Each structure stands twice: as structure tokens, then as C-alpha cells.
Amino acid sequence: MTSRPEDRAAGRSAGSDGGHRLDAVLPASSGRPPDHVMTAFNAAGEALERLPGGRGRSWRAGNTVVKPVDEPVVASWLATVLEQRPVPGVRVARPVRSTDGRWVVSGWTAHRFVAGSVAPRFDEIRETGRSLHRALADVPEPRFLRERSDLASWADRLAWGEVLDTDERLGHGHGASVYRELAAQRRPVTAPVQVVNGDLYGTVLFAGDADPAVFDVTPFWRPAGWATAVLAVDAVTRGGAPIEVVGEWADGPDWPQLVRRAALYRLAAGLAHPRTPTDDMVAVLSTAERIDRFLR
């Protein structure tokens, strides 16, 4: 399978947040991590380097990367899960505890630096995700996933038909019409659910012949195949992959419905966010309209 690199891919440093191009229109973090945070993570005295991506929120100090977190509970849970969990064939950016054993200090967390850059190696990203999900298969559902009310969680639940758009966040334009048409053909999914990384695109790094590295996980409680479907939608929408990747990655009878929900998820998030760039919205709509032949 061939694909065109996304314009963001070149020069991406390990440890930077994956995120979306939407990051470019959101305000950056307030600045450098405080001295007491660096001391707490045993990174004081190291030269600080701001890493690209993720609104410039990540900083490297030697072998340590520190970044602010929006949800300390999520960050602490994720660090506990990933601290020692083996993921065969994958380099994991292991979390770093503070000197007093905390995962989050004054709203900042830390992990080990892993070398590499993002690249449009989509088949390898898919396999990396599969390895990660096999390693996470026995992790119980964390309560916070049911309680989250952020945009991504709302868009996910809407895509699965678990909530309604009572506030009309999707609007009344063409995008809302495309959404309704996709949603109308939802059918039950039987695949088992587990903790998955719902944002594989942009969070897997490559460095020569080394194993791929995962430096960030956005947790969802969904089938592992759904996370792969989100990757397929993102690869086409944001990475220039051919639409045929959706068919090439077909895996099991639930695949068409998982792709449908992945497209609905990205479409809802884009429509509901007040500052989604126009070209991003056009790209998501284009993908949503072109995948119909793979959803039958």
C-alpha cells in the first residue's frame, strides 16, 4: 500500500503530543514547566527543549519528557497501567514517577524520551496498535471513561448511538446531513470491548530499524477493531492514504460497522468544535462520503 506523507509528519520529535491539526488553532501552554516540577521528576539542571506538536506543551530534559495534563486522574491511571506492562515489539514511553511517588505534580506529568518521528507507515501503525491492544486486553474498564464529558467522549458516544444531539451541536448543514445518513445504517456490533488507544495516528514513532514506539494513549472502552477503524479514517483523511485502505484492512464481520462508527466519531468531533479548520472539515466530509462502498 502506498500513501502520501502528511505535511506534519516530517521532523516530528519523539515525546511530542500527537493530537490533530486543530492544535494549531488552540492556545499554547502557558510556558516552561516550573522549577519545582523539574526537580520533582529528577530533571532539574538539564537543558530544556520544547518539542514540536501538541500546542508546544511537551518539554524534553535529557532522557525525560514533561508535559501538562488536562485530566490528572486519567494521566495517573494511564501511568499505572503502562509503568511495567510489556508490549512485545513496541517501545513504550514509560511513565516517570516523581521523587515522592506521584505521577502528576502541579498539573504536569513525565515519561521517558523515545527516539523517532511520525511517518506514514500505516500498516506498521496498525500492527503496533494490535500489539498494544493485546497487551491491554485484561485491563478493567476505568470508571472515569463513563464519566468523561469532553468533546471526544461526547462524539464517541454519539457515534455509537448512546446519546442524542439534543443541543444540536452538529448544526443543520451538509455535514449534519452526511452524519444522519451514516448513522441511519448503524447495526449492532458484537465484538468484545476493552481499553483501546483511540488516537493511534500521530502517536506512533519510527526510528530506523528499531521497534515502533508509542508515546501517548487516548483511552476508550471500545472494540480493538474500532481503534483500527479510526486509524483507517485518519490515515485517509489526514495522512493521504488511499481510500482502499479501508477495504484492505477489513477484519471480521463487524468491520463495516466499526468503520461507520469511526467516521461518525471524527465527523461529530469536527462539526461540534467551534474552531475546526475548514480544510480539515472538508477532508473529514470527503472521507465520510467516499467510504460508503466499504460499509455494505
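As a starting point, this report considers the structure included with it.

Calculation rules
- Residues numbered from 1 in each chain as written.
- Predicted model: local features only at pLDDT ≥ 70, side-chain atom pairs only at ≥ 80, totals over all residues.
- Heavy atoms only, no water.
- Axes fitted to C-alpha atoms, helices over the stretch in contact; angles between N-to-C directions.
- Helix = DSSP H or I, 4+ residues; strand = E, 2+ residues; numbered from the N terminus.
- Parallel < 35°, antiparallel > 145°, perpendicular 65-115°, else oblique.
- Left-handed = near helix turned anticlockwise from the far one by under 90°.
- Contact = heavy atoms within 4.5 Å.
- Nonpolar A, V, L, I, M, F, W, Y, C, P; charged D, E, K, R; others polar.
- Pairing = 2+ DSSP bridges.

1. Points about the packing of helix H9 (residues 255–272) against helix H10 (residues 278–290)
Thinking step 1. Close contact between H9 and H10 brings their axes to 10 Å; oriented N to C, the two are set at 150°. Overall, the two elements H9 and H10 adopt an arrangement that is roughly antiparallel. Like other packed secondary-structure pairs, H9 and H10 cross with a definite hand, here left-handed. Along the contact surface, H9 presents Arg-266, Leu-267, Gly-270 and Leu-271, while H10 presents Met-281, Val-284, Leu-285 and Ala-288.
Thinking step 2. The residue inventory of the contact of H9 with H10, partitioned by class, reads 6 nonpolar, 1 polar and 1 charged.

2. Regarding the sheet that holds strand S5 (residues 108–112)
Thinking step 1. Pairing in this open sheet of 4 strands is antiparallel, and the strands run S1-S2-S3-S5 from one edge to the other. Both edges of this open sheet fall to strand S1 (48–50) and S5, since each of them pairs with a single strand only. In this sheet, adjacent strand axes meet at a mean angle of 30° when their direction is disregarded.

3. Some thoughts on the sheet that holds strand S7 (residues 204–205)
Thinking step 1. Strands sit in the order S4-S8-S7 across an open sheet of 3 strands; the sheet is mixed. Taken across any chain shown, the strands that pair with only one partner, and hence form the sheet edges, are strand S4 (91–92) and S7.
Thinking step 2. Alignment of S7 against strand S8 (residues 213–214), held across 2 bridges, turns out to be antiparallel. Of the residues in S8, the one forming a bridge with Leu-205 is Ala-213.

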